[in-house]
Amino acid sequence: MICIIALIVFGILGIFSLSYRRIAIEAFDCVFRRLVLRKCQSRLDQRARSQITGKLMKVSKPAAKFTYKYFHVIEFIFIILLIWSIVQTGISGYNFYVYGNCNGPNEDGFCIFDPTGHNSEISPLNQLSCSTEEVDKELSLDQLNTSLFPVLNQGDDNIVFFIGCYECEYTRETYPVIKKLIEKENPTVIFAHLPINHDLESFTEYGNCIFEKEGSTKLMEFNDYMFSNQVDQCTVDTCSAALTHVNLDLAAYTECIGLNASVQLAQEQFNALTALGVYGTPTIFINGEPFVGPKPYRVYKRALK
Amino acid sequence: MREQFKVLQKNIIYVDSACMSLRPDCVINKIKEYYEEYPVCAGRSNHKLANTLVTEVLRARKLIQKLLNAKSEKEIIFTKNTTEGLNLVANSFKLEEGDAVLITEKEHNSNLVPWLKLKEKGIQLIIQKLNDDGTFNLAEYKTTLENNPNIKLVSFHHASNIDGVIIPAKEIIQIAHKSGIKVLLDAAQSLPHITVDVKKLDVDFLAFSGHKMMGPSGIGVLYGKTEELNKLDPFLVGGETVTDTTHDSVSYEQVPEKFEAGLQNYAGIVGLGEAAKFLMKTNPDKIHKHEVSLNKILTERLKDRVTLIGPEDPELRGGIFNFYIENIDMHNFSSILDSKANIATRSGQHCVHSYYNAKNLPVSTRISLYIYNTEEEVNKIVDEVEKVIELLS
Ligand SMILES: Cc1ncc(COP(=O)(O)O)c(C=O)c1O
């Protein structure tokens, strides 16, 4: 049985080294041609058994005796562990492909395929709320009134609900991916600006006003500008730069954002998002399925209908 | 002397010399000398380096002649190993359909398979039975020769690799010669351990390997009396074996070149010469005595705990202590000795499958001693063997 383990382990190591390749070939023989063993040679599994026993003898005789006697049981346990770890690796690979994370949707454990954890990084909302409570990660769009938020692209019946903030590093990284998704797949994209920084709150209002007055196209242009330029405060200068860049009148919009209704809408949006359990940006729901952190394009695409 | 064998500094107890011996520095340096100072081909080229090599090859041939006490260095043919030497005779000795070759029941595959192959040509193979303890029975041998007048060649191992028993070669050869039968000795296991004097033995052919006598691997020798070699057809032919060729004819070289086809393993040849010198300096008879003294310790301390293959008397087994233990896998046994205590033994049927099969012997572990093993090592081996027996039983 240990030959099976050896075949897999040394088969992989054999890619890199000739000496391991030799053992892998022997293991192959051992697994598939057990009966044509040469008399002058012992089988790989027996060699492993005695070599392990010999090494253990130096440390503890009872342990060596136990290992030699129950080697088949130990082998069996290792085989089970091997199968289990192969299955786990398969699941991890699948998760990584589908969710961009080995551990399943929006988990943050270590992932060998993404060792730095980049695909799950977020700009945490706690920065704003000062909350240290454990966040509830069960995200669902069920309770949310999505009509509160501006539509970035009116496309087919796939609904992408994109929660991000202009200043945040990972939202900025994700934005071009979402744009690519719009260009190639044309889903309907709703944009929710979640300011993780008080200074950016008024940009939510700007976005809402632009959408209300000019529609999706202008909002998209505004977003393009905001995500490609690091704007971290809404001063007269930065706002006028943003608005003039997309050919809008600063005065008209300054008026719009001052309105009670506008402030109220932004607040309502913020409350709705935090009530949802969103704990950082970017968080993207595609047809109701949540993705937290910047994921590769294929992950978003797979979630479309 | 041990310091000549660098690998021993690795804290290893090496008792697998019947398979391959270790090489002293002087042999290794000689091989290096060839590659560094005259790494060319001998004979064909007309330059100083080639001349140096020709001299070195001749020197090696003469050293081996001296080691064997042969009449002439021309009786020394370089081969790859014992197996090639035995095959050369098997393929070149004039045997006709109905002729027979006699071997013992305890031959290494290298001195069995070439003869088995000749059966295809109608050449009979007769097997000489031995005593139960593996020793040679001269009376039975005489009877065999009397009963089989078609025997033309006797091909025996001189010393056995599985029990170390040395056959009474001189008497065997005398008896054979009385009936006009030629004798080939497989000296792979004798030449490294005892004095082998081909003149005294009056042997017709004798083969051995360099790597078992502290020489390089890939080089061996077939000794043959000049008149016997002249009667042999060449075996491998090609470059170096001829004096001239046309598109439809060939004139062969004299011996020994007639049998040395293609450019040779010159590094091996010069190294082998050096090994012969080292062996003569050490005196093979002293080596044998040393091995027997160590084997006595092994036998005394272990004989009641293991089953020995071969006679109980260590004097008869030279440096070989080959044993098994009922119900213990001896492959595992050897492997544990290696991983636990760095003791290098060999387990298996030691390429004498036919004897193991005939006698129904299980796989065994062989301890084979040589010049560099010590009493301290042998005592350590016994201690460790006892521990492993305890563990596995
Ligand atoms: C008695 C005997 N004959 C022949 C041989 C074959 O020698 P080689 O493999 O060097 O040709 C051996 C090797 O172990 C041997 O022990």
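Residues numbered from 1 in each chain as written. Chains lettered and ligands numbered in written order. Predicted model: local features only at pLDDT ≥ 70, side-chain atom pairs only at ≥ 80, totals over all residues. Heavy atoms only, no water.

**Regarding the sheet that holds strand S6 (residues 283–286) of chain A**
Residue and element names in this part refer to chain A. In spatial order, the strands read S2-S4-S3-S6-S7; together these five strands make up an open sheet with mixed pairing. Here the strands that pair on one side only, and so sit at the sheet edges, are strand S2 (151–153) and strand S7 (289–292). With strand direction ignored, the average angle separating the axes of adjacent strands in the sheet is 25°. Summarising the sheet, S6 and S7 pair through four bridges and their orientation is antiparallel. The partner of Thr283 across the bridge, within S7, is Val292. (Pairing = 2+ DSSP bridges. Helix = DSSP H or I, 4+ residues; strand = E, 2+ residues; numbered from the N terminus. Axes fitted to C-alpha atoms, helices over the stretch in contact; angles between N-to-C directions.)

**Looking at the domain arrangement of chain B**
All names here are of chain B. In terms of domain boundaries, chain B breaks down into domain 1 (26–281) and domain 2 (284–392). The gap between the C-alpha centroids of domain 1 and domain 2 is 29 Å. Counting residues at the interface gives 26 residues for domain 1, matched by 25 residues for domain 2. Remark: the boundary between domain 1 and domain 2 carries one salt bridge. The salt bridge partner of Glu105 is Lys359, with a shortest N-O separation of 3.9 Å. Taken together, the links from domain 1 to domain 2 amount to nine residue pairs in polar contact (both at pLDDT 80 or more). Tallied by class, residues from the side of domain 1 that touches domain 2 come to 10 nonpolar, nine polar and seven charged. (Domains from an automatic or database assignment. Contact = heavy atoms within 4.5 Å. Salt bridge = Lys/Arg side-chain N within 4 Å of Asp/Glu carboxyl O. Polar contact = N/O pair within 3.5 Å; in protein donor to acceptor, adjacent residues only side chain to side chain. Nonpolar A, V, L, I, M, F, W, Y, C, P; charged D, E, K, R; others polar.)

**So, the environment of B:Gly271**
Residue and element names in this part refer to chain B. Its place among the elements puts Gly271 in helix H9 (residues 266–282). Judged by its relative accessible area of 0%, Gly271 is buried. Residues Gly271 and Ala60, 211 residues apart in the sequence, show an inter-C-alpha distance of 8.0 Å. Those residues in contact with Gly271, other than ones at most four positions away along the chain, are Val27, Lys30, Ile31 and Pro216. (Buried < 20%, exposed > 50% of the residue type's maximum accessible area, 1.4 Å probe, protein only.)

**Concerning the site of the ligand**
All names here are of chain B. Taken together, Asn81, Thr82, Thr83, His108, Ser110, Asn161, Asp186, Ala188, Gln189, Ser209, His211 and Lys212 make up the full set of residues near the ligand. At a separation of 3.4 Å, an oxygen atom of the ligand approaches a polar side-chain atom of His108. Within the contact set of the ligand, an oxygen atom lies 2.6 Å away from a side-chain nitrogen or oxygen of Gln189. The protein chains hide 90% of the 390 Å² of surface that the ligand would expose on its own. (Near = heavy atom within 4 Å. Areas by Shrake-Rupley, 256 points an atom, 1.4 Å probe, with all protein chains shown as cover.)

**Focus: helix H10 (residues 284–302) of chain B**
Residue and element names in this part refer to chain B. Between the first and last C-alpha of H10 there are 27 Å, a value that for 19 residues agrees with the 27 Å anticipated at 1.5 Å per step. Buried within H10 are the following residues: Pro284, Ile287, His288, Glu291, Val292, Leu294, Asn295, Ile297, Leu298, Thr299 and Leu302. Residues of H10 that are buried in the fold lie against H9, strand S11 (307–308), helix H11 (314–317), strand S12 (320–324), strand S15 (364–368) and helix H14 (375–392). (Expected span 1.5 Å × (residues − 1).)

**Quick word on a nonpolar patch on the surface**
All names here are of chain A. On the surface, a cluster of nonpolar side chains totalling about 1100 Å² of accessible area is made up of Met1, Ile4, Ile8, Val9, Ile12, Leu13, Ile15, Phe16, Tyr20, Phe76, Ile80 and Ile86. Per-element tally for the nonpolar patch: the top contributor is helix H1 (residues 2–13), with five residues. Tracing the sequence through the fold places Phe16 in the loop between H1 and helix H2 (18–32). Judged by relative accessible area, which is 67%, Phe16 ranks as exposed. (Patch = residues over 30% accessible without salt bridge, like charges linked within 9 Å, V, L, I, M, F, W, Y side chains within 5 Å.)

**Focus on the domain arrangement of chain A**
One widely used convention gives an interface's size as the accessible area the parts lose upon coming together. Domain boundaries in chain A define domain 1 (2–69) and domain 2 (121–302). Between the C-alpha centres of domain 1 of chain A and domain 2 of chain A there is a distance of 59 Å.

**Description of the pairing of strand S4 (residues 188–193) of chain A**
All names here are of chain A. Across the six residues of S4, six count as buried, placing the element largely inside the fold. A two-sided burial pattern is seen for S4, the buried positions comprising Thr188, Ile190 and Ala192 on one face and Val189, Phe191 and His193 on the other. Bridging between S2 and S4 involves two bridges; their strand directions are antiparallel. Bridged to Asn153 within S4 is Val189. By the bridge criterion, six bridges tie strand S3 (residues 159–164) to S4 in an arrangement that is parallel. Each residue of the ladder has a partner; that of Gly164, found in S4, is His193.

**Comments concerning the packing of aromatic side chains**
All names here are of chain A. In the structure shown here, the tally under the stated rule is 28 aromatic pairs over all chains. Through successive ring pairs, a cluster of aromatic residues spans Phe162, Tyr166, Tyr175, Phe191, Phe203, Tyr206, Phe222 and Phe227. The ring of Tyr253 carries Lys213 above its face, with NZ or CZ at 5.6 Å from the centroid. (Phe/Tyr/Trp six-rings, centres within 6.5 Å; stacked < 30°, edge-to-face > 60°. Lys NZ or Arg CZ within 6 Å of the ring centre and 35° of its normal.)

**Points about the nonpolar core**
Residues B:Tyr141, B:Leu185, B:Leu206 and B:Met213 are the most contacted members of the largest nonpolar core, which totals 69 residues. Broken down by element, the residue count for this core peaks at nine residues, all from H9(B). When residues of this core are assigned to domains, at least three map to each of domain 1 (26–281) and domain 2 (284–392) of chain B. Membership of the second largest hydrophobic core comes to 41 residues, among which are A:Ile178, A:Phe227, A:Cys239 and A:Ile284. (Core = buried A, V, L, I, M, F, W, Y, C linked by side-chain atoms within 4.5 Å.)

**Quick look at the packing of helix H2 (residues 48–68) of chain B against H9(B)**
Residues and elements named next belong to chain B. Interhelical geometry of H2 versus H9 gives an angle of 40° and a closest axis separation of 8 Å. Judged by the sense of rotation from one axis to the other, the crossing of H2 with H9 is left-handed. Listed contacts from H9 to Leu53, Glu56, Val57, Arg59, Ala60, Leu63, Ile64, Lys66 and Leu67 of H2 are Tyr266, Ile269, Val270, Leu272, Gly273, Glu274, Ala276, Lys277, Leu279 and Met280. In terms of residue class, the contact of H2 with H9 is made up of 13 nonpolar, one polar and five charged. (Left-handed = near helix turned anticlockwise from the far one by under 90°.)

**Looking at the state of the cysteines**
All names here are of chain A. On inspection of all chains with the given rule, the structure shows three disulfides over all chains. A sulfur-sulfur distance of 1.9 Å marks the disulfide that ties Cys102 to Cys111. Note on the Cys102 and Cys111 pair: the S-S dihedral is about 55°, so by sign convention the disulfide is right-handed. The pair formed by Cys102 and Cys111 is uniform in burial state, with each residue classed as buried. For Cys165, the disulfide goes to Cys168, at an S-S distance of 1.9 Å. Linking Cys165 and Cys168, the disulfide has an S-S dihedral of approximately 90° and is accordingly described as right-handed. (Disulfide = S-S within 2.5 Å.)

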